[in-house]
Amino acid sequence: MKSREQLQEIAESALRAVQGDQVEVGLDVTEMGVTRFANSGIHQNIARETEEFRGRVILGKQIGGISVVSLDKDRVSEGMRAAHELAKHQRDDPDFKSLPESVPVEHIDRVATVTPEERAQCVQDIVKVARGNNLTAAGVIYTIDTTAEIMNSLGANSFGRTSYAHVDATLMTDNSSGFTTATAKDFSAFDGRALAETASEKAILSRDPVEIPPGKYLTLLEPPAVAELLAFLNYIGFGARAFQEGSSFMSGKIGKRITGDKITVVDDVNHPDTLGFRFDAEGVPTNEVTLIEKGTARNVVYDSYYAHKEGKPSTGHAIEQPNPYGPYARNLRLLPGESTREDMLASIDKGILITRLWYTRLVDPDKTLVTGMTRDGTFLVENGKISKGIKNMRYTANILETLANAIMISGEQSLQWFGGSIVPSLLVRDFNFTGKTEY
Amino acid sequence: MKDLADVALDTLSQQKATYGDIRLIDTFSESIQVKNGNVTVLKRSQERGFGIRVIRNGAWGFAASSDLSRESIQRVALLAVKVAQASSTLKTEDIRLGETEKIVDTYETPVKLDPLAVPIEDKIGLLLEADEGMRGIEGIKIAQSKLNFWKTKKLFASTEGSLIEQEIVESGGGITATSVKNGETGSRTYPGFLGGHYKTMGYEFIDSLAFAENAGRIAEEAVALLVAPEMEETTTTVIVDGPMVAIQIHETVGHPTELDRVFGTEVSLAGTSHLTPDKMGNLRFASQIVNITADATLPGGLGTFGYDDEGTPAQKSYLIREGTFTGYLTSRETAPLIGQNSNGTMRAAGWGHIPLIRMTNVNLEPGDWKLEDLIADTDEGLFIVSPTAPSIDDKRLNYHVSTEVGWRIKNGKLAEMVKRPSYSGISYELWRECDAICSRDEWEIWGVPNCGKGEPMQSMHVAHGASPARFRKVKVGRKK
């Protein structure tokens, strides 16, 4: 892994390689290990190291972009010259004002190298629980160590090094399955055995699932399901691009109630569990932004381009440039309530518990309407207790309405891999199931 | 490149690997995007790297790097062996690959006009013309257009002696018009397949797309969508266009016939399949007029190549023949488990990924109808075009497709427009109700540049040959 000094030297030489009015370069070095397991054995196992740079060269209001998978100095210089050449052929973008002028940021986490043997040991811990319960195990372990340097000709100079790790485990009987997941900065935080016990319990509890008719049910959404809904809300409209275009559910609604008063959503870069760097792809420090406060729309997130259009400062939410998507909230957090899982279950006379959702897709973005399936642990809850597993069902739900229908929110929250958000469980009224499947 | 490959293969042989291969890949790409008269993205990329796959102690290992020095290749080959050793501590059984021929060959996409050699100004001009055409229609708030090009050089070398060099060229793009009013939006795309249309062709494909000629039409439809009613929930006859058929094939036939997921190796993300081997040859999956093939040899398809990433030649095979489920997409590891040889579908999304079983060009073979005759032959129903998003369960049974627009069919004629009609049901029940397929005159190979599978996610380029088709008794719309 290259040192900060080495990365800065490459970045500085990249800035010197061309004579643009403004120049930006971003360097990434990533080492990733991924171990997948299925049928209770490891079947795919990879180690990958990537060095990459991205550059933007600006001539007046003409912008050329380049990305090259290499940090070789000659190839970096060659790439920057290619971006310069593209800029010369570009048209003016009248909405472009300037690259950001930003204070330097340094974000360095403790990083421990994780070996293939350590990942294999975690899989063995999971498989041991599976075999002990006559179940089959499948899943994945990711370990990622990444370093980034962002520099521009206006003085931005941000450096970061961090790591993150992730485990999914699905344990299966011949007609049911149970899922568990964990994501953290530090791989050593994972207890494969404990994770497997959770998945095992769900798989066994949902054995021989019964069919129930589609309809509206009181439903307990566990954190992976909540994170999936929140990720789609983010995709539709927490960024300034959709907000300014008028296609976001936040457009024209700032200061107005858009969902239930129990719901507060922030982009919380300062939460200790949050992943990634505390600066964005333009090197701008990421601010904490309140998006929805007690059901009322408050703010969206900005990069420098869309911030300039409103005469505002960037909130530090740029993704890799240039891109057609605009800024993105990377550290969503749905604030917790005070209920325990036991309280939430106890309050259900008849309802459904969803472990996770699957293949959620937009049906109507104007209505924040999505559809998808349940998966890997869907249960009927009766008289305050999980009574039996049920066959998977299709749901079709308006996300803002679903959040407004939350009657209890758990105090416990967890970081989720899908969408990278920190979320609690939600107990919601009238969650809308619209179809069924055969298992 | 050959000498670098030898460094890897020599190292693997010294490490007593049962099998090993290396793929050295160099991809140039270009992306141009225009929005509301501004060129918002003008970017070129180059990805160069290698991936080494090895079987040692009966288990797979894989390591990859973007550093192409000889020292790096030797080090990464040893890392791949180390990863395989870690895998072998928890293997289910020893990996065995099906027999293959040693192949030394080259393949190149036939290209008339190198897309990366076409002047940038010409490409920008094409997009700006379409952009103006869309924004010339009152009510259009967002006009977007894009072009994407890839040129990929791949070298595959294995310890079995194969040495294959390929150059694949891909071109494509699309335009989107969006109207916005009072919190409602209406969007239409052209050519109408998930925001773009892509082929293994040169710039001559872009010349054939006629963006500007279609810009005004889709913009008018996008504005009309603002006041179009939604489709009420009902069960009716549905005629879908080629892109809709393509997305149906993708989700309900392509993915469930991937033999790796059938054997459970994609459980942790994509899931499994209801098309288990006991059903092969005897499940009535579709009506008798339905024939679905996987054909990597079709000229121009985004799933067209010379050899897959295991060195198996491109080929054609039947997945559904006269309505019966008859075959899978297979690999050297999975095909022997059903008594077959690989039909050449293993591909990786770049140097840093392992090959997985991926769709090639998975096609609904054409029938003999004309679309206008098909509509005229339908008393009542819905004509639906342009999918936006599919959703399906993890065994590929319960599907749902969201779309851009539909028109009611009344007495054999297109009538009122409806906004974003969706339809859903059980996949084989849909295909069993297919009673008419349009002819080769209306058959097109629709490219999908972003088929997702695997962990880490691999975004693959695949395609589906399809023409419009009719399905009876389809559940459309949703309850108010």
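Residues numbered from 1 in each chain as written. Chains lettered and ligands numbered in written order. Predicted model: local features only at pLDDT ≥ 70, side-chain atom pairs only at ≥ 80, totals over all residues.

A. Examining the overall build of chain B more closely. Check the secondary structure of chain B and you find nine helices and 23 strands. A globule of 480 residues ought to have a C-alpha radius of gyration of about 23 Å, and chain B, at 23 Å, matches this closely. Looking at chain B as a whole, 60% of its 480 residues are labelled buried. (Helix = DSSP H or I, 4+ residues; strand = E, 2+ residues; numbered from the N terminus. Rg over C-alpha atoms; globule rule 2.2 N^0.38 Å. Buried ≥ 20, exposed ≤ 12 C-beta atoms within 10 Å, placed from the backbone.)

B. View of the domain arrangement of chain A. All names here are of chain A. One can read the domain layout of chain A as domain 1 (4-192) and domain 2 (209-439). For domain 1 and domain 2, the distance between their C-alpha centres works out to 24 Å. At the interface, 36 residues of domain 1 touch 29 residues of domain 2. Secondary-structure elements contributing two or more residues to the side of domain 1 that touches domain 2 are β1 (22-38), β2 (41-59), β3 (62-69), β5 (136-152), β6 (157-172) and β7 (177-184). Of the residues contributing to the side of domain 1 that touches domain 2, the split by class is 13 nonpolar, 17 polar and six charged. (Domains from an automatic or database assignment. Contact = placed C-beta atoms within 7 Å. Nonpolar A, V, L, I, M, F, W, Y, C, P; charged D, E, K, R; others polar.)

C. Structural context of the interface of chain B and chain A. Counting residues at the interface gives 64 residues for chain B, matched by 70 residues for chain A. The greatest single-element share of the side of chain B that touches chain A, amounting to 12 residues, is contributed by strand β2 (residues 38-56) of chain B. Of the residues contributing to the side of chain B that touches chain A, the split by class is 23 nonpolar, 24 polar and 17 charged. Pairing between β3(A) and β2(B): five bridges, direction parallel. Bridge pairing in β2(B) links A:I66 to B:R44. (Pairing = 2+ DSSP bridges.)

D. Region of the structure containing the sheet that holds strand β11 (residues 316-321) of chain B. Residue and element names in this part refer to chain B. Spatially, four strands are ordered β12-β11-β10-β15 in an open sheet, and the strand pairing comes out antiparallel. In this open sheet, the two edge strands, each paired with only one partner strand, are β12 (324-325) and β15 (362-364). Relative to β12, β11 runs antiparallel, the two sharing two bridges. The residue of β12 that forms the bridge with I320 is F325. Here helix α6 (residues 242-254) sits on the sheet and contacts β10 (292-295), β11 and β15; the angle it forms with β15, its principal contact strand, is near 120°. (Axes fitted to C-alpha atoms, helices over the stretch in contact; angles between N-to-C directions.)

E. Quick look at the domain arrangement of chain B. Per the domain assignment, the segments of chain B are domain 1 (2-225) and domain 2 (234-476). In terms of residue class, the side of domain 1 of chain B that touches domain 2 of chain B is built from 17 nonpolar, 16 polar and nine charged.

F. Structural detail: the environment of B:G425. All names here are of chain B. Residue placement: G425 occurs in strand β19 (residues 423-426). Its 21 C-beta neighbours within 10 Å are what place G425 among the buried residues. Distance in space between the C-alpha atoms of G425 and P243 is 19 Å, their sequence separation being 182 residues.

G. Just helix α3 (residues 120-135) of chain B, in detail. Residue and element names in this part refer to chain B. In this model α3 runs 22 Å from its N-terminal to its C-terminal C-alpha over 16 residues, within 8% of the 22 Å that 1.5 Å per residue would give. Taken residue by residue, α3 has K123, L126, L127, A130, D131, G133 and M134 as its buried positions. Projection of α3 onto a plane perpendicular to its axis shows the buried side chains occupying an angular sector of 165°, all on one side. Within α3, the exposed residues directed more than 90 degrees away from the buried face are E121, D122 and G125. Considering only its buried residues, α3 is in contact with β1 (19-35), β5 (140-158), β6 (163-181) and α5 (211-225). (Expected span 1.5 Å × (residues − 1). Arc of directions from axis to C-beta.)

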